[in-house]
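For reference, the chains in residue letters:
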Amino acid sequence: MSSKHILKLTALSAALAGAWGPALAQEEPSVAELSKPESVVSLGIGYWSDDRPRLGIYDGMPDKGAYGLLDALIIKRDDATGTWFTLDARYLGLDSREFRAEWLRQGDIGVSIEYNRIPYASPFTVMTATQGLGTSMQRVPTPSAPVLGEWQAGTVRDGWSAGFFKSLGGGTDFRVSLKNEHKEGGRLWGRGGAAEFAAEPIDSDTRQLEAVVSHAGKTFQIQGGYYGSSYTNRNSLVDTANINAAGTTLTNPYYLSLPLDNQAHQLYVNGGYNFTERTRGTFKVAYTRATQDEDIPVGNGVPVFSGAPKHLDGRLDTTLAQLGVNSRATSNLSWLASLRYYNSDEKTPQQRVVQPAAGCGTCVDTTPLGFKTLTGRLEGTYRLTAGTSLIGGLEYSDQDRKVPFGNLNATGVDNQRYVPWRVELEELTYYVQGRRSLSETLNGSIRYGHSKRDGPDFTLTNEAQSDMINPIHIADRDRDKFRLMLDWSPLQALTLTFNAEYAKDEYGHSDTRPYGLRDGSATLYSIDAAYSISDNWQMTAWYSRDNAKATQLGQRNVNNGAAEAVKEANLEDIGDTFGAGLKGTIAPRLKGGIDLLYSKNVNKYPEAITLTGAGGVFPTVAGVTGAPLPDIENKMTRLKLYASYALQKHSEVRFDYWHELWQTNDWTWMFASGTPFTYGTTTDGTQVIQQPKQSANFFGVRYIYRMQ
């Protein structure tokens, strides 16, 4: 309440109070209501006219039918003790329900409990006769199997958490939280080495525990604690095989492995110190140990090297140390600096897991990796004039990369190295940014940054073709980034925001290492508008367009260094999104609005240019242009209309109508003829189907009651 509405007890107001005391007393509850928390409860029902397999993936309403709409926010406060009770319950009538309850005595002690459920419904329908889906033993029938049945993949995650808070006095607090999440269901999968369908059975638990002690003083703040997690998977190996109509196994089982149980423990401390009113330092130190020591699962009948370990004895130690300082040196100059050290040291023993009897030309050992990364940053901001600032910065990163050697051949090359490797990576980035208030109604900023990543020569692999690959994550790279932002208010009721971004990557390559990503670019343009038509009506609108391009080279039909065919692919992804909204007061008791969202995404696969060459030397002459693949286009339109009518001061009824339309021409699960992709020619013929056009309407009504 603003000060101009506060009455002072003057002689006149006292006289008025004496004359109109009873009437003023009746107004006092309204004043009290303004200082009390508000609780809201809503109850209703909604109905979807059709299934929504694509747009209902996570919201708990993928199917046609009626759904309960129940939400509640209960807030109670005891003024005498300063105690709060909060209950926040949402989507209780849906599979995506969640709630949180908290009791807190302000500045003293508090407890909380929370539950949330996250469903995932696969947008694909699987027609299959595979038996045992959702279990660790699955059998794929031959073509003489019965008629295919429908199976829907999906998962459900149920999470519980509890928390406790206690103030120890003197600016010191203690808090502890515990969380458990159970996940179960099935996910689309497949058998390696053959186009045969399988489903990953999911039945796991993830637990997290955190305990923290913190202290906040005038100049020094610090907190330290423990964070631990554990993962338990009730399935470690999936047994798959083909069977005939009588159920007899026709092939040896094919085993698929799943993530094994693991756990991690972390100790950390971080804080900050105010050296002066203008200068502050920060620090952070953390040490984590993650282990995995479960028995390595082996399928029945699978030959095992006699010296292979029974346990992985997996261990990964990570150490983090970080220092930072920021200071306002003068009224016009401020700066910050930081230094970060991160060491990921895998201490899993290097052990042999495969050793053929004929010799060690194809032996396989475990490969524990190690990464040490040192990162530094320096940034300064200088205020040139009123409303104009210049920002400049420099970042440097150096990474040492460690990998053990397996067994060397006569030429000194590791027989087990199939992927190019670099023992060190360096990256230097610099950027400059200008900000200026161009007028009372126009503000803008522009930024440019450049980074360069490189390192020593790649280590050789045991495959000549692998030595011609330039891996994207460790390749030499030059990156340029631009960004322009403008805020403009041409009218008091109108605000416009413009944003434009551009990035360009160039990846190093040579005649002897030509394959991989060559270059890439990304652009983003957006505009946001907000317009106040009147005190009762407001309108918003926005549009964005993003475009990503990439050029990469690949090789096929290699014949021991003889003539080879090289494909140059130019890929492009374009996204357009538009949104608009209007809301306002239609009548004294009636409010309403409309929201519109439209998005379109196109993946382009232009013609691939075939290049020709010989002897592994990068070709320089263009060859035949291949036929392009069809574009993949996804479109979504969502329209929402809503209205709320006030029945009484604290109650209202709300009506909602939504229309959704999703369309695609995605050919990923199709043959070139347009028919559904079919798994295998000697199995049951499992098919994965997606509806190319999905449309649905939602009707909802709910009663809302507010109380204090």
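One can find the structure itself at the top, above this paragraph.
If you're wondering where the values come from, they're calculated on a predicted model, not measured in any experiment.

### Section: the overall build of the protein chain
Now for step 1: Of regular secondary structure, the protein chain possesses 1 helix and 36 strands.
Now for step 2: Taking as baseline every contact in the protein chain between residues at least 6 positions apart, the subset at least 24 positions apart corresponds to 62%.
Now for step 3: Accessible area of the protein chain: about 39700 Å², with a carbon and sulfur share of 58%.

### Section: the sheet that holds strand S13 (residues 237–243)
Now for step 1: On the basis of which strands lie adjacent, the open sheet formed by 3 strands has the order S7-S13-S14 and mixed pairing. In this open sheet, the two strands that pair with only one neighbour each are strand S7 (137–141) and strand S14 (254–257). Each adjacent strand pair in this sheet contributes to an overall mean axis angle of 25°, direction not counted.

### Quick look at the environment of Trp48
Now for step 1: Tracing the backbone shows Trp48 in strand S1 (residues 39–48).
Now for step 2: Judged by its relative accessible area of 0%, Trp48 falls in the buried class.
Now for step 3: Sequence separation of Trp48 and Lys64 is 16 residues, and the distance between their C-alpha atoms is 5.1 Å.

### Concerning empty space enclosed by the protein
Now for step 1: A full pass over the atoms with the stated rule returns 1 cavity of 30 Å³ or more.
Now for step 2: Taken as a whole, the largest cavity encloses approximately 40 Å³ of empty space.
Now for step 3: Along the walls of the largest cavity sit Asp51, Arg52, Leu55, Glu660, Trp662, Gln694, Ser695 and Ala696, which together make up its complete lining.
Now for step 4: Looking at the lining of the largest cavity, the elements that each hand over two or more residues are strand S34 (651–664) and strand S36 (693–707).
Now for step 5: It is S36 that contributes the most residues to the lining of the largest cavity, 3 residues altogether.
Now for step 6: Across the lining of the largest cavity, the residue classes tally to 3 nonpolar, 2 polar and 3 charged.

### Quick word on the nonpolar core
Now for step 1: If you look at the biggest cluster of nonpolar residues, it comprises 9 residues: Phe124, Val126, Leu133, Trp151, Ala153, Phe197, Ala199, Tyr679 and Val688.
Now for step 2: Setting aside anything within four residues of it in sequence, one finds Phe197 in contact with Val126, Thr128, Thr130, Leu133, Val140, Trp151, Leu188, Trp189, Tyr679 and Thr686.

### Overview of the packing of aromatic side chains
Now for step 1: Tallying each qualifying case throughout the model produces 21 aromatic pairs.
Now for step 2: Look at Trp151 and Phe197: their rings are 6.3 Å apart centre to centre, the planes differ by 65°, and that puts the pair in the edge-to-face class. One end of the pair, Trp151, is in strand S8 (residues 149–151); the other, Phe197, is in strand S11 (residues 196–216), and 46 residues separate them in sequence.
Now for step 3: The class of Trp151 is buried, set by a relative accessible area of 17%.
Now for step 4: Following the ring pairs from residue to residue traces out a cluster consisting of Phe124, Trp151, Phe197, Trp669, Phe671, Phe677 and Tyr679.
Now for step 5: Of note, Arg52 hangs over the ring of Trp48, and the distance from its end group to the ring centre comes to 4.0 Å.

### Details of unusual backbone geometry
Now for step 1: Backbone geometry at Tyr91 places phi at a positive 55°, although glycine is not the residue there.
Now for step 2: A positive phi angle, close to 55°, is found at Asp313, a residue other than glycine.
Now for step 3: For Asp313, the location among the structural elements is in the loop between strand S16 (279–292) and strand S17 (314–327).
Now for step 4: Judged by its relative accessible area of 39%, Asp313 is partly exposed.

### Topic: the layout of surface pockets
Now for step 1: Counted as a void, the largest pocket has a volume near 860 Å³.
Now for step 2: Around the largest pocket sit 34 residues that line it, and Leu69, Asp71, Tyr91, Trp658 and Arg702 are the ones nearest its centre.
Now for step 3: Of all the elements in the fold, those that place two or more residues in the lining of the largest pocket are S1, strand S2 (65–78), strand S3 (83–90), strand S33 (632–648), S34 and S36.
Now for step 4: Residue contributions to the lining of the largest pocket peak at 6 residues, all from S36.
Now for step 5: For the lining of the largest pocket, a count of residues per class yields 17 nonpolar, 3 polar and 14 charged.

### Focus on the pattern of salt bridges
Now for step 1: Following the criterion strictly, the structure yields 37 salt bridges and no others.
Now for step 2: With a closest N to O distance of 3.5 Å, Glu102 and Arg100 form a salt bridge.
Now for step 3: You can call Arg100 partly exposed: its relative accessible area is 32%.
Now for step 4: Among the ionic pairs, Lys452 bridges to Asp478, the shortest N-O distance being 3.6 Å. Of this pair, Lys452 sits in strand S24 (residues 442–454) while Asp478 is found in strand S25 (residues 477–491), placing the two residues 26 residues apart along the sequence.

### Describing the environment of Phe699
Now for step 1: Here Phe699 is to be found in strand S36.
Now for step 2: A C-alpha to C-alpha distance of 5.3 Å links Phe699 and Tyr47, two positions 652 residues apart in sequence.
Now for step 3: Apart from the residues lying within four places of it in its own chain, the contact partners of Phe699 are Ile45, Gly46, Tyr47, Asp656 and Tyr657.

### Comments concerning the sheet that holds S8
Now for step 1: Strand order in this open sheet of 3 strands is S8-S6-S35, and the pairing throughout is antiparallel. The sheet is open, and its two edges are formed by S8 and strand S35 (687–689), each paired on a single side. Averaged over all pairs of adjacent strands, the angle between their axes in this sheet comes to 30°, without regard to strand direction.

### Some points on a nonpolar patch on the surface
Now for step 1: On the surface, Trp488, Phe498, Ile527, Tyr543, Phe578, Leu596 and Tyr598 cluster together into a nonpolar patch covering about 540 Å² of accessible area.
Now for step 2: Residue placement: Leu596 occurs in strand S30 (residues 590–604).
Now for step 3: Take Leu596: its relative accessible area is 31%, and that puts it in the partly exposed class.

### Structural notes on the pairing of strand S4 (residues 98–105)
Now for step 1: Note that S3 and S4 share 8 bridges and pair antiparallel. Bridged to Thr83 within S4 is Arg105.
Now for step 2: The pairing of S4 with strand S5 (residues 109–121) spans 8 bridges and is classified as antiparallel. Bridge pairing in S5 links Phe99 to Tyr115.
Now for step 3: Once S4 ends, the chain turns through 3 residues before running back antiparallel as S5, passing Gly107 with a positive phi of about 75°.

Cut-off values and rules
Residues numbered from 1 in each chain as written. Predicted model: local features only at pLDDT ≥ 70, side-chain atom pairs only at ≥ 80, totals over all residues. Heavy atoms only, no water. Helix = DSSP H or I, 4+ residues; strand = E, 2+ residues; numbered from the N terminus. Contact = heavy atoms within 4.5 Å. Areas by Shrake-Rupley, 256 points an atom, 1.4 Å probe, with all protein chains shown as cover. Pairing = 2+ DSSP bridges. Axes fitted to C-alpha atoms, helices over the stretch in contact; angles between N-to-C directions. Buried < 20%, exposed > 50% of the residue type's maximum accessible area, 1.4 Å probe, protein only. 1 Å grid on protein atoms, 1.4 Å probe; cavity = no way out; pocket = protein on both sides within 12 Å on 5 of 7 lines; lining within 4 Å. Points joined across faces, edges and corners; volume = space filled by probe spheres on them. Nonpolar A, V, L, I, M, F, W, Y, C, P; charged D, E, K, R; others polar. Core = buried A, V, L, I, M, F, W, Y, C linked by side-chain atoms within 4.5 Å. Phe/Tyr/Trp six-rings, centres within 6.5 Å; stacked < 30°, edge-to-face > 60°. Lys NZ or Arg CZ within 6 Å of the ring centre and 35° of its normal. Salt bridge = Lys/Arg side-chain N within 4 Å of Asp/Glu carboxyl O. Patch = residues over 30% accessible without salt bridge, like charges linked within 9 Å, V, L, I, M, F, W, Y side chains within 5 Å.

Scope: geometric values only; no functional claims are made or implied.
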